Every structure is written in structure tokens, then in C-alpha cells.
Amino acid sequence: MMDNKYLQKMIWFFLLAAAWELIALSGWFSPLIFPSVETILRTLYSSIISGELLQQVIFSLSLISQGLIISLLLAFIMSLLSLTSNTIAGLIDTLVAMAHPLPGIALMPLVLIWFGAGRSAIIIIIVHSVIWPLVLNLITGFRSIPQIYRLVGKNYGLNTVEIMWNIMAPASLPYFLAGFKIGWARAWRALISAEMLFGAAGSFGGLGWYIFKKRVFFDIPGVFAGIVVIIIIGVLVEDLIFDKIEKMTVKKWGMQT
Amino acid sequence: MKKFIVIINLLLILILILSGCNNTQTGQISIAEQYGLAYAPIQIMKEKGFLKAYDPDLDVKWKQLGNTVAIREAMLAGNVDIGFMAIPPFLIGRDKGMKWKIINGLNISPLGLVTYKENVDSIDDITVEDRIALPQPGSIQHILLAMACEKRFSNASKFDDILVTMAHPDGMNALLSRKEITAHFTSPPYIFEELAVGNIHQILSGKEAMGGEFTFIIGVGTEKFHDNNPENYQIFVKSLHDAIEFIKQNPEEAAKILANKYEISEEKILKYITWPGMKYTSSIKGVEQFIDFMQKTGYINLKYNDISEISWGEETHDGQ
């Protein structure tokens with residue numbers, strides 16, 4: 001089954017690349033607009049060999065993990081707090097309603113003035129993009145747990161922390177994972193757009209900066225190379241990390257098929 | 001296999017749709033409009049209707065685009081016939097295969113690197129702790145800074161690791177907030193506004209970096225437009241000369257028109273467009289110097305035998 005899925009993906013990937021190549025070879029477009037697959041791959045290869053791209057991928061991933069960890073902690077605290085009192089729940093609901101639809105890009109001018117254009121600004125944009133969907137999903141997850149589960153826990157003599165850890169956390173895991181997936185995708189987008197807008201402090205730049213730099217120097221194959229890397233990382237994270245986590249937890253426990 | 005054919009067909013249809021929608025026809029001219037003092041002649045040309053004066057039937061399309069890079073992309077896509085930019089971004093495009101040439105200059109302008117740090121009096125005093133904001137790598141501000149570094153330290157990329165890419169307004173805000181950005185390489189009106197703030201002073205001028213005068217903004221046209229629409233091209237050139245002449249002859253009236261457009265006071269605009277060092281002129285200066293420097297430092301590989309390969313040179317020799 002699994003091989004089949006990967007095989008299918010590979011075949012599609014190959015077909016799309018072939019279609020791309022056909023169009024590029026047809027000469028309908030100037031190669032400046034529509035570079036061929038091999039020019040893109042060659043640019044990608046030389047960027048990898050020079051070490052430039054790898055460094056930038058690592059930089060981007062480290063920013064994104066910092067952003068995700070901060071968001072996770074904050075989201076957990078906020079959603080647990082909202083369980084303890086209705087007043088706080090009201091406040092957090094209002095915050096989510098206000099901030100969730102607000103694109104990170106819209107906040108950029110403010111973030112720039114308040115925090116400068118460094119790493120912290122990009123992390124703040126990432127946290128903003130991740131935290132709201134995560135809080136929303138966590139709260140929904142917690143609220144969806146039947147009262148009876150908690151009562152069973154109490155019957156066993158578990159204290160609040162034990163109930164949270166042993167019952168609430170696993171029971172709301174599907175919601176959490178769904179929220180985390182959305183969060184990851186949004187963090188990734190926020191990161192790339194923030195990097196493209198803020199640029200970078202010189203040598204410290206991420207993937208967005210790579211694309212931006214290729215763009216300003218009019219290196220279109222380079223722009224495509226950056227996009228290819230983003231796609232590859234996105235697919236890898238989805239297939240390797242999220243699939244694995246789901247298999248080990250919610251699927252194993254029979255909560256999701 | 002069937003699916004494959006369906007997809008190929010869909011792609012073909014998409015291509016046909018896309019290719020049909022960006023061709024400029026005769027009787028049309030599409031110009032990228034930009035805001036800013038350097039682009040004043042374009043605004044004047046538009047407001048005074050100079051183009052229509054030559055041909056009332058001319059269909060003029062003004063396009064608003066955010067920055068040089070976007071203009072370059074729009075011209076590549078065939079959406080824009082004529083755009084305006086500094087010499088280095090033009091050269092980078094030409095080097096990478098853009099089929100475009102310089103029409104003429106718009107102006108000569110003071111550019112400069114400013115800082116609020118009192119102990120910084122020249123680029124020698126800039127350290128790795130500093131951060132310099134400028135529009136983007138490969139911009140005229142970046143290349144001028146690299147020229148100054150090459151002269152002073154024999155290392156054109158000396159400050160490349162402390163650059164922060166920011167559009168002019170963002171760069172100005174960041175400098176004024178005195179946080180991370182300690183210096184800003186910018187152009188009018190931002191440089192005028194920044195220098196009006198206490199303690200902010202200039203440590204390098206564009207003229208010093210270049211070692212002479214240079215044209216700030218040039219008009220650039222696609223070869224396709226020039227070759228297919230010679231009449232409209234001529235109309236544009238004449239109108240642009242009219243507009244430049246108008247600003248020189250009637251700065252007060254020009255300031256009035258621009259004040260309406262830019263929502264800045266008339267007095268301020270008049271002060272800015274007549275600032276020492278601000279010259280509206282169609283002459284083109286500094287192209288060779290930029291090419292030499294950018295070749296030497298590896299930004300471009302551009303080879304040309306004669307300047308006419310990259311410029312139509314429509315300057316009026318008006319002695320500025």
C-alpha cells in the first residue's frame with residue numbers, strides 16, 4: 001500500500017516535470033520566463049554545492065522550529081487556561097476571533113518598527129501565524145472530550161495533572177495534530193514571505209532570502225530552484241514526520257483510520 | 001496515458017490563454033508609473049497630457065508597480081513597454097538577456113548613506129555591529145556602497161554581511177526608530193527628510209562613491225516596442241523631453257501639480273526639486289563606470305562593443 005502511494009506520487013511528479021520540459025523545449029516562451037528543467041536543476045545543484053542553499057535551509061528550519069516551539073507552549077497554556085474559567089475562555093475566544101484572520105504580512109510594518117528586521121521579527125510573524133489555529137483546535141479538542149472520561153479518571157483517583165496528561169492529552173490528540181499540521185503549513189508560508197520582505201542581515205538568510213536574491217539578480221532558474229526546495233521540504237515533512245506521528249499515535253489507538 | 005493526454009491538453013489551453021493577453025498593439029503605449037521625486041517628469045508628462053498632444057488617439061496605459069524588480073518582470077512579460085529605474089538594475093537585466101535599451105536619463109540626484117551615530121563620520125567607522133538598510137542587492141544604492149568599499153578597502157563586498165533589504169519608507173522608519181538599523185543608503189525625498197532630523201548626518205554621498213556625477217533614473221524601453229512602434233516611441237521621447245524641460249522652466253507650476261499628486265505641500269516639493277544636486281536632465285551619465293565596476297566585481301558579464309547596443313541615447317544635449 002505504502003509503496004504504491006509513493007510510486008504514484010513519483011509518477012505524477014515525473015509526468016509534471018516532463019510536461020514542463022516539453023513546454024520549455026517548445027520555445028513558446030522566452031527561456032527567461034520558462035526555464036527548462038535541466039537549467040533549474042543545474043542552478044539547484046550549484047547552489048547546493050556552494051553550500052549556500054544548505055546553510056539557508058538550516059537557517060529557515062531553525063527559525064521555524066523556534067517559532068513552532070514557542071507557539072506550542074503558548075497555545076497549550078492559553079487553551080488550558082480557557083478550560084479553567086469562562087472569563088478567560090471569553091477573552092481567548094475574542095483574541096482568536098480578532099487575530100486569526102489577520103495575515104502576518106499585514107503586521108509586518110509594525111513588527112519592523114517595534115522589533116527591527118532581525119530574527120525576532122520573523123519568529124514573531126511565525127508565532128502569530130501558528131498560534132491561533134493551534135489554540136482553536138486545542139480548545140475544540142478539549143471541549144470535545146466527553147465529561148464521562150474525566151469522571152472515570154476521577155474515579156481512579158487521578159489528580160488534575162494526571163487527568164490532563166493521561167486522559168485529556170491523548171483524547172484531544174487528533175485535534176492537536178490537525179492544528180499542528182495547519183500550523184506547520186502556515187509557519188512555512190509566513191517564514192518564506194517574511195524572509196522575502198525583511199530580507200536578511202547579510203549572510204544570515206533563509207530560503208525566502210535565497211529566492212529574493214535570485215529574483216533581484218534576475219536569475220529565474222534560481223527562483224524556481226528555491227521553489228523546488230520548498231516543495232521538497234513540505235512533502236518530506238508531511239510524508240515522513242506527520243505520517244509517522246499519526247501512525248504511532250492516533251491511528252494505532254484506533255482514533256483515526 | 002489518457003490522463004496524461006488530458007493534462008497536456010489542459011496545459012496547452014492555459015498557455016494559449018496566457019499568451020493571448022499580453023500583447024501591446026499599435027496605437028498603444030504602456031508605461032510603468034512610479035511615485036517619487038526622481039520620477040517627477042513622468043508625473044508631469046501624465047498630468048499635462050504631453051503624449052496626447054502629439055497624438056490624441058494614442059491609447060496610453062499607465063501601470064502602477066511597486067518596485068524596479070516588479071517593473072522588470074512586467075516588461076519581460078510584455079505588459080509594460082517603458083519603465084524607469086536606476087542603471088545597475090537595468091544592466092543586470094540586460095546581462096541576463098532582457099531585450100531592452102536605455103532611452104534617456106530623467107535626472108541626476110543626491111544619494112547618500114546617512115546615520116544617527118555621532119561617532120560615525122565616514123565608512124571607516126562602520127563596524128560589524130552596524131546594520132545598513134538599502135532597497136535590495138543589486139540596487140544602485142548597493143552598487144554605490146560597493147564602489148565606495150572597493151575604493152576605500154579594496155573589498156567591494158565588505159559590508160554585504162551587514163546589509164538589510166528594506167524599501168525606502170521602511171528603511172526610513174527603521175532608522176528613525178533607532179533600533180537595529182544604524183545607517184540608511186537612500187535617495188530623495190527620504191534622504192532630505194532624514195537629514196532634517198537632529199543628529200542624522202551623511203557619511204557618504206553617491207557622487208563620492210562614484211567619483212563623479214551619474215544619472216539616477218533612466219527611461220528604459222523594450223526593443224520590441226521600439227522596433228514595432230517607432231511612431232509611439234518617438235512620441236514618448238518627445239513628451240519626456242517636454243516634461244523635463246517643463247520642470248526646468250516652471251518649477252513652481254511643476255511643484256503645484258506634484259503637490260496634488262503626492263499630497264506633500266507645494267513649498268516642500270519646490271524645495272526638493274530645486275535642491276542643490278537635483279537636476280532634471282535627459283543626459284545619461286555613468287553607464288560605462290557602472291558597467292566597468294559591475295564587470296570587475298562579477299555582478300554582470302555584459303559584453304558590448306558599442307554603447308549603442310545598450311542605449312538609444314535619446315538625450316538632448318542641453319548642457320543640463
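Note that the structure is a prediction, hence the values are computed from the model and not measured.

### Some details on the overall build of chain A
Helix and strand counts for chain A come out as 11 helices and zero strands. Counting from the amino terminus, helix and strand elements in chain A follow one another as α-α-α-α-α-α-α-α-α-α-α. Principal axes of the C-alpha set define a box for chain A whose edges measure 70 × 50 × 30 Å. In chain A, buried positions account for 33% of the 257 residues. For chain A, long-range pairs separated by at least 24 residues make up 68% of all intrachain contacts whose partners lie at least 6 apart in sequence.

### Observations regarding the overall build of chain B
Of the regular secondary structure elements, chain B holds 14 helices and 11 strands. Of all 320 residues assigned to chain B, the portion counted as buried reaches 46%. Sequence separation of at least 24 residues holds for 79% of the intrachain contacts in chain B that already meet a minimum separation of 6.

### Describing the nonpolar core
Of all hydrophobic cores here, the largest spans 142 residues; its most connected members are Ile-126 and Leu-191 of chain A together with Leu-145 and Ile-218 of chain B. Here this core takes 15 residues from helix H6 (residues 119-143) of chain A, the largest share from any one element. For this core, the domains that each give at least three residues are domain 1 (26-109 + 216-309) and domain 2 (112-210) of chain B. Contacts of Ile-218 of chain B, omitting those with residues within four sequence positions, involve Phe-84, Met-85, Ile-87, Phe-90, Ile-102, Asn-104, Gly-105, Leu-106 and Ile-284 of chain B.

### A word on the pairing of strand S4 (residues 100-108) of chain B
On a regular strand, each side chain points to the face opposite its neighbour's, so the side chains alternate between the two faces of the sheet. All names here are of chain B. Within S4, nine of the nine residues are buried, which leaves the element mostly enclosed by the surrounding structure. Taken together, the six bridges between S4 and strand S10 (residues 217-222) define a ladder with antiparallel strand orientation. Bridge pairing links Asn-104 to Gly-219 in S10. Sheet analysis places S4 next to strand S11 (residues 279-280), joined by two bridges and oriented antiparallel. Considered in S11, the bridge of Ile-108 is made with Lys-279.

### Observations regarding the packing of helix H2 (residues 40-47) of chain B against helix H11 (residues 230-249) of chain B
Residue and element names in this part refer to chain B. Packing of H2 against H11 leaves a shortest axis separation of 8 Å and a crossing angle of 105 degrees. As judged from the angle between their axes, H2 and H11 are roughly perpendicular. Here Ala-40, Pro-41, Ile-44 and Met-45 of H2 lie close against H11, whose contacting residues are Ser-239, Leu-240, Ala-243, Ile-244, Phe-246 and Ile-247. Of the residues in the contact of H2 with H11, the class split is nine nonpolar, one polar and no charged.

### A look at the sheet that holds strand S7 (residues 163-165) of chain B
Residue and element names in this part refer to chain B. Ordered by their spatial adjacency, five strands build an open sheet running S7-S6-S8-S5-S9, and the pairing between neighbours is mixed. A strand with exactly one partner marks an edge of an open sheet, and here the two such strands are S7 and strand S9 (201-205). For this sheet, the mean inter-axis angle between neighbouring strands, taken without regard to orientation, is 30 degrees. Where helix H7 (residues 168-176) meets the sheet, its contacts fall on strand S6 (132-134) and strand S8 (183-186), and the angle it forms with S8 comes to roughly 155 degrees.

### Re the environment of Asn-119 of chain B
Residues and elements named next belong to chain B. Here Asn-119 shows up in the loop between strand S5 (112-115) and S6. On the neighbour-count criterion, Asn-119 (6 C-beta atoms within 10 Å) is exposed. Taking the C-alpha atoms as reference, Asn-119 lies 39 Å from Lys-261; in sequence the two are 142 residues apart.

### Section: the domain arrangement of chain B
Residues and elements named next belong to chain B. Split by domain assignment, chain B resolves into domain 1 (26-109 + 216-309) and domain 2 (112-210). Between the C-alpha centres of domain 1 and domain 2 there is a distance of 25 Å. Contact with domain 1, which involves 20 residues of that partner, is made by 13 residues of domain 2. Contributions of two or more residues to the side of domain 1 that touches domain 2 are made by helix H5 (87-95) and helix H14 (287-296). For the side of domain 1 that touches domain 2, the per-class residue count stands at 15 nonpolar, five polar and no charged.

### Topic: the environment of Leu-68 of chain A
Residues and elements named next belong to chain A. Within the secondary structure, Leu-68 sits in helix H3 (residues 52-84). Along the primary structure Leu-68 and Ile-126 are separated by 58 residues, whereas in three dimensions their C-alpha atoms are 7.6 Å apart. In contact with Leu-68, other than residues within four places in its own chain, are Val-130, Gly-183 and Ala-187.

### Description of helix H2 (residues 37-49) of chain A
Residue and element names in this part refer to chain A. End to end, H2 covers 18 Å across 13 residues, agreeing with the expected 18 Å (1.5 Å per residue, within 8%). Burial in H2 covers these residues: Ile-40, Thr-43 and Ser-47. Mapping the buried residues of H2 onto a view down its axis gives an arc of 65 degrees, with all of them on the same face. Pointing more than 90 degrees away from the buried face of H2 are the exposed residues Glu-38 and Ile-49. Where the residues of H2 are buried, they touch H3 and helix H11 (220-251).

### Quick notes on unusual backbone geometry
What you tend to see is this: most non-glycine residues have negative phi, and most peptide bonds are trans. All names here are of chain B. The omega torsion across Pro-188 and Pro-189 is 0 degrees, close enough to zero to call that bond cis. Residue position: Pro-189 is located in the loop between S8 and helix H8 (190-195). Of note, Ser-154 is a non-glycine position whose phi angle comes to about 55 degrees, a positive value. Position of Ser-154 relative to the elements: it lies in the loop between helix H6 (140-153) and S7.

### Remarks on the packing of H3 of chain A against helix H4 (residues 86-99) of chain A
Residues and elements named next belong to chain A. It is at 6 Å that the axes of H3 and H4 come closest, and there the two elements cross at 135 degrees. With respect to H4, the element H3 is oriented oblique. Considering only the axes of H3 and H4, their crossing is left-handed. Mapping the contact onto sequence places Met-78, Leu-81, Ser-82 and Thr-84 in H3 and Ile-88, Ala-89 and Ile-92 in H4. For the contact of H3 with H4, the class distribution of residues is five nonpolar, two polar and no charged.

### Digging into the confidence of the model for chain B
Residue and element names in this part refer to chain B. When pLDDT is averaged along chain B, the result is 88, and 91% of the positions lie at 70 or above. Of all helices and strands in chain B, the one with the weakest mean pLDDT is helix H1 (residues 2-19) (64), whereas S5 scores best (96). Below pLDDT 50 for its whole length, residues 20-24 participates in eight contacts with residues either more than four positions away or in separate chains. Two summary scores accompany this predicted model of the complex, namely pTM at 0.79 and ipTM at 0.72.

Conventions we followed
Residues numbered from 1 in each chain as written. Chains lettered and ligands numbered in written order. Predicted model: local features only at pLDDT ≥ 70, side-chain atom pairs only at ≥ 80, totals over all residues. Helix = DSSP H or I, 4+ residues; strand = E, 2+ residues; numbered from the N terminus. Buried ≥ 20, exposed ≤ 12 C-beta atoms within 10 Å, placed from the backbone. Contact = placed C-beta atoms within 7 Å. Core = buried A, V, L, I, M, F, W, Y, C linked by C-beta atoms within 7 Å. Domains from an automatic or database assignment. Pairing = 2+ DSSP bridges. Axes fitted to C-alpha atoms, helices over the stretch in contact; angles between N-to-C directions. Parallel < 35°, antiparallel > 145°, perpendicular 65-115°, else oblique. Nonpolar A, V, L, I, M, F, W, Y, C, P; charged D, E, K, R; others polar. Expected span 1.5 Å × (residues − 1). Arc of directions from axis to C-beta. Left-handed = near helix turned anticlockwise from the far one by under 90°. pLDDT = per-residue confidence, 0-100.

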